[in-house]
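# Chains, contacts and geometry: an overview
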Amino acid sequence: MPPVCPTGTPVLREAARRGASPPRGDISVIEIPKNISELLPYVPGKPVEELERELGLQEIIKLASNENPLGGSPKGVEAARRALESVQLYPDGSGYRLKQKLATLHQVAPEQIVLGNGSNDVIEIAARTLLTPGTTAVMFRHAFVVYPLVTGAAGAGLIEVPVEDRGGFRQEMDRLLAAIRPDTRIVFLANPNNPTGSMVGRTDFDAFVAKLPPHVLLLVDEAYAEYVTDSDYPDPWPLVRSGCENILVTRTFSKIYGLAGLRAGYGVTSARLAGFLERVRQPFNVNSCALAAAEAALDDTGFVRRSRDLNTRGLQMLRDGCKRLGLEATPSWANFVLVRIPRPPKAVYEAMLREGVIVRPVGVYGLDEHLRISVGEADQNIRCLKVLEEVLKRV
């Protein structure tokens, strides 16, 4: 006779299906801690394949996930293909070759580098290392949704600093500093910020760092740094090179290098803190293909330059197009624009889907009146703007 699952009753099965708690007093199901049960899962941009299945469309463009429209770094893709020939072997758990190359690039010691399965992984490792119940993390509102996720998963409290919708959601660093408490362990700062595209300038950044309490880690998420051409962009690297204990800079190969599907990122901090992050990091968290692709992509300077140039032109095209349509697009230093929509954004998003154009609603970021549009190639940007114009007339 097969064993009977203790959670097999209809009432418990229905509770599990809805993600609800079991009936009060029932101890026959696994209890989920409150900090986990209250987390809102990350919702990625809709994949092209899913839209093809749902609507039977063929000519679909995806401008939802801030991916590189030129594809992956050719040198990186070729290196990944070669790495497949040894796929039966575990990857280099230390990432020796990639760390050596990154150390040369940033003029730091290899011991200061922590590799991740995307920069998200490094952010989570930092949270798991430093955040515990009874501590807090601080972030600006309308910032990357992974920060609340990793904070909540660690059982820590989150302090969100308001950002006014004026001047492109400018992040005021004095407010961020004032929100720090004795129990604060991490300050998350995305620069440029996702999904607003805003940038904290050099003067404000330097003034903030000068006043940062020594018990607080400033985690600077530079996922979009390679797209920035503004001379006012802060330079945190002298602090990192000096061995400063309370700064961690994270970067990714998912954006300008076009390797989002392989998942490779890294963080650079003091050798001491990196050593503790390494204790928390899972073994073999970056696969062989990702390691090889990332290492090769660092040499693909021509591809990076073409990607940056395309992005600069694309940002201007999208901003000009939105202005022509009477829409407000926030200034952006990343590879996307945030657009205020005068109709219900969800209805506009869904209508654009039916026309084969995928953009990103950002209600999960607290921006219920906006859509985020990633920069594509010129013909993709033109089509997106045309579809947006037609949809706004109908919705």
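Right above here is the structure, for reference.
Here we summarise the structure given alongside this text. (Residues numbered from 1 in each chain as written. Predicted model: local features only at pLDDT ≥ 70, side-chain atom pairs only at ≥ 80, totals over all residues. Heavy atoms only, no water.)

### Examining the environment of L130
Quick note on the threshold: Each helix is a run of DSSP H or I of at least 4 residues and each strand a run of E of at least 2, with the numbering of both proceeding from the N terminus.
You can see L130 is positioned in helix α6 (residues 119-130). It is 9.7 Å that separates the C-alpha atoms of L130 and A156, two residues lying 26 residues apart in sequence.

### Section: the sheet that holds strand β7 (residues 247-252)
Defined as follows: A pair of strands is labelled paired if DSSP reports no fewer than 2 bridges between them. Axis lines are fitted through C-alpha atoms, for helices just across the contact stretch, and the angle between N-to-C directions can take any value from 0 to 180 degrees.
Strand order across the open sheet formed by 7 strands is β2-β8-β7-β6-β5-β3-β4, with mixed pairing between neighbours. Whereas interior strands pair on both sides, the edge strands pair on one side only; in this sheet they are β2 (113-116) and β4 (157-161). Shown here is a sheet whose adjacent strand axes are inclined to one another by a mean of 20°, direction ignored. Sheet topology note: the strand β3 (residues 136-140)/β4 ladder contains 5 bridges and is parallel. Considered in β4, the bridge of M139 is made with E160.

### Observations concerning the sheet that holds strand β9 (residues 328-329)
As a reminder, the rule being used: Every residue pair with non-hydrogen atoms within 4.5 Å of one another is taken to be in contact.
Spatially, 4 strands are ordered β9-β10-β13-β12 in an open sheet, and the strand pairing comes out antiparallel. Looking at the sheet topology across the chains shown, the edges are occupied by β9 and β12 (360-361). Contacts from helix α13 (residues 301-324) reach β9, β10 (336-340) and β13 (370-374) within the one sheet, and its direction differs from that of β10 by about 10°.

### Here's the deal with the side chain of S65
Counted only if it meets this: What qualifies as a polar contact is a pair of N or O atoms within 3.5 Å, subject to a donor-acceptor requirement within protein and to the restriction that residues adjacent in sequence count only when both atoms come from side chains.
Along the polypeptide, S65 turns up in the loop between β1 (61-62) and α4 (74-83). Only 3.4 Å separates the side chain of S65 from the side chain of K62, close enough to count as a polar contact. In this structure, S65 is in contact with G45, K255, R372 and S374, ignoring residues within four places of it in sequence.

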